[in-house]
Amino acid sequence: MSIRLPENEEEFTGLPNAAINPSDGQSVISFDTKFKESLFYRFIKFQVRFKILYLPPINWIMLGTLMLLLYKLIHRYESMYQNSVLLTTITTNTLLFGFSDTLAQSISCVLEMISQERRARLRSSFTLPISLEQYQPSPHLGYRDQPDDSFYSDYGDTRVSRHRQNSVQSVNSQYQLLSEQTDKDVFNFRRFIGFVFWGANMAFVQVAWYWILNHFFTTDPTLVSVFERVLSDQLFFSPISLFCFFTYSNFVLEGGDKVTLSEKISKIYLSTLVANWCVWPLVQFINFLIMPRRFQVPFSSSSKFTSGVSYLLESN
């Protein structure tokens, strides 16, 4: 009785090619494959080898450039704000959101390198390379107890075993070298551009929303108007903006679908909103009470810097 194995995928699955949906994940896979085969990705992957304090050079370049641009923005903010409120807000959000994503990726890279070093030390502590040359028999042992190379000749030449041991050590060293260069070390420009794009577009919404708050809640006394603006911001604007950000991050930053979005909304949306309500009312109260109107949007975007870094670290 003979058994014939299937020769192609159609016989193995029992379904024709038409029954297999070619669109399930192929666009994402093809994009990642093409990107990893590009010259730009190879260059970014190559420079990862030359780390400075656990960080590749591209991370230091990005951090230094963004910090320099933020420094220049601080000195020119007043003149830029007088010329164009919207353009100044777009520039501020672009730099702040870009710096937060770069910092999050850099922290993730440092943590990954430290974790790999710990795993490498742990592997080396349990590795005991033993060869026949290192074994010195005791002179008090008898002839039968002394190891002789001829004893192992029945199982092959001892040079073969030593060569195999050297090969294993070489493979281990190569594996350790490759493990130091993972995709977590490579700067994710796609996520960086997506996060910067979100911050730049949020500038349009923030300018309009803060104009509404500062023009419709000004007739009451100071503390009352501040409370009205804070409640309006937290009960109306925060839930909508958080839902929009989850949707944007799911489809654009993470490459998810409707299933992953529904899971994220059902699992962490409400808890994240409650956590925001524990912090942001006080932040916005200080913002509307103390800050001048020209600094309210930058103060809000700067306050979101910490929460943005923490979210991006979790998504990493």
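Quick caveat, the model's predicted, so the values are computed rather than measured.

*Asks:* Looking at this structure, how should I read the overall build of the protein chain?
*Replies:* Counting secondary structure elements, the protein chain contains 10 helices and zero strands. Of the accessible surface of the protein chain, which amounts to about 21200 Å², a share of 65% is contributed by carbon and sulfur atoms.

*Asks:* Whenever I open this one, the packing of helix α5 (residues 85–125) against helix α7 (residues 189–216) confuses me. Can you help?
*Replies:* The angle between the axes and the distance between the axes are what describe a pair of packed helices. Direction vectors running N to C along α5 and α7 enclose 145°, while the axes themselves pass 8 Å from each other. For the element pair α5 and α7, the recorded crossing hand is right-handed. Contact residues: L86, T89, I90, N93, T94, F97, G98, S100, D101, T102, A104 and Q105 in α5; R191, F192, F195, V196, W198, G199, A200, M202, A203, F204, Q206 and V207 in α7. Split by residue class, the contact of α5 with α7 holds 13 nonpolar, nine polar and two charged.

*Asks:* I would appreciate a short explanation of helix α8 (residues 222–253) in the present structure.
*Replies:* Since one α-helical turn is 3.6 residues long, residues separated by three or four positions face the same way. In this model, α8 (32 residues) spans only 41 Å end to end at C-alpha, well below the 46 Å of a helix rising 1.5 Å per residue. Where α8 bends most, at F237, the angle is about 40°, and the proline P239 comes one to four residues later. A positive phi of about 70° marks G255, the residue just after α8.

*Asks:* What is the right way to look at the pattern of salt bridges in this model?
*Replies:* Side-chain pairs of opposite charge can arise whenever the charged atoms involved come near each other. By the definition in use, this model includes five salt bridges. The salt bridge involving R294 is made with E78; its shortest N-O contact spans 3.1 Å. Note that R294 is positioned in helix α10 (residues 293–315) and E78 in helix α4 (residues 57–83), a separation of 216 residues in sequence. With relative accessibility at 33%, the residue R294 sits in the partly exposed group. Between E112 and R119 there is a salt bridge, with its nearest N and O atoms 3.7 Å apart. Classification of R119 by relative accessible area gives partly exposed; the value is 39%.

*Asks:* Sorry, what's going on with the environment of F305 here?
*Replies:* Relative to the assigned elements, F305 resides in helix α10. Taking the C-alpha atoms as reference points, F305 and G98, 207 residues apart in sequence, are found 10.0 Å from one another. In contact with F305, not counting residues within four places along its chain, are L96, F99, S100 and L103.

*Asks:* Sorry, what's going on with the UniProt feature "transmembrane region" (unreviewed entry) in the protein chain here?
*Replies:* With numbering aligned to this structure, UniProt lists the feature "transmembrane region" (unreviewed entry) at residues 52–74, 192–212, 235–256 and 268–290. Between the C-alpha atoms that bound residues 235–256 the distance is 28 Å, and the span itself is 86% helix and 0% strand. Across residues 268–290 one finds 100% helix and 0% strand; the C-alpha atoms that close the span lie 32 Å apart.

*Asks:* How do you make sense of unusual backbone geometry when you look at a structure like this?
*Replies:* As a rule of thumb, non-glycine residues mostly have phi less than zero, and peptide bonds are mostly trans rather than cis. The backbone of L53 sits at a positive phi, close to 55°, despite the residue not being glycine. Structurally, the position occupied by L53 is in the loop between α3 (39–47) and α4. Positive phi outside glycine occurs at Y54, with the angle close to 70°. Within the secondary structure, Y54 is located in the loop between α3 and α4. You can call Y54 partly exposed: its relative accessible area is 32%.

*Asks:* Explain the packing of aromatic side chains to me, please; I cannot follow it from the model alone.
*Replies:* One pair of aromatic rings is described through two measures. These are the centre distance and the angle between the planes. Going through the model one piece at a time under the given rule, you end up with 15 aromatic pairs. Ring centres 5.8 Å apart and planes at 35° place the aromatic pair Y210 and F288 in the tilted group. Taken as a pair, Y210 in helix α7 and F288 in helix α9 (residues 258–290) lie far apart in primary sequence, 78 residues in all. Under the relative-accessibility criterion, F288 is labelled buried at 5%. One aromatic cluster is present, built from ring pairs that chain together F97, F195, W198, F245 and Y248.

Definitions and limits used
Each chain carries its own residue numbering, running from 1 in the direction its sequence is written. Totals for whole chains, interfaces and linings use every residue, but because this is a predicted model, local features are given only for residues with pLDDT of at least 70 and side-chain atom pairs only at 80 or more, for both listing and counting. Side-chain figures throughout are based on the complete set of non-hydrogen atoms in the structure, without hydrogens or water. Helix and strand labels come from DSSP, where a helix needs a run of H or I of at least four residues and a strand needs a run of E of at least two; each type is numbered from the N terminus. Where accessible areas are quoted, they stem from the Shrake-Rupley method and a 1.4 Å probe; at the residue level, only the protein chains shown are allowed to cover. Every axis in this analysis is a line fitted to C-alpha atoms, fitted for helices over the stretch in contact. Angles between the N-to-C directions lie between 0 and 180 degrees. Left-handed describes a crossing in which the near helix is turned anticlockwise from the far one by less than a right angle; the clockwise case is right-handed. Contacts are assigned to residue pairs with any non-hydrogen atoms lying within 4.5 Å of each other. Following the grouping adopted for this structure description, the nonpolar residues are Ala, Val, Leu, Ile, Met, Phe, Trp, Tyr, Cys and Pro, the charged ones are Asp, Glu, Lys and Arg, and the polar ones are all others, Gly among them. Take the number of residues in a helix, subtract one, and multiply by 1.5 Å to get its expected span. Note that the bend at a residue is defined as the angle between axes fitted to the seven residues ending at it and the seven residues starting at it. A pairing counts as a salt bridge when a side-chain nitrogen of Lys or Arg comes within 4 Å of a carboxyl oxygen of Asp or Glu. Only protein chains enter the accessibility calculation, which uses a 1.4 Å probe; a residue whose area is less than 20% of its type maximum is buried, one above 50% is exposed, and one in between is partly exposed. UniProt positions are given in the numbering used here, feature names are shortened, and annotations may be inferred rather than shown by experiment. Pairing of aromatic rings covers Phe, Tyr and Trp, the last through its six-membered ring, and needs centres within 6.5 Å; plane angles under 30 degrees mean stacked, over 60 mean edge-to-face, and all others mean tilted.

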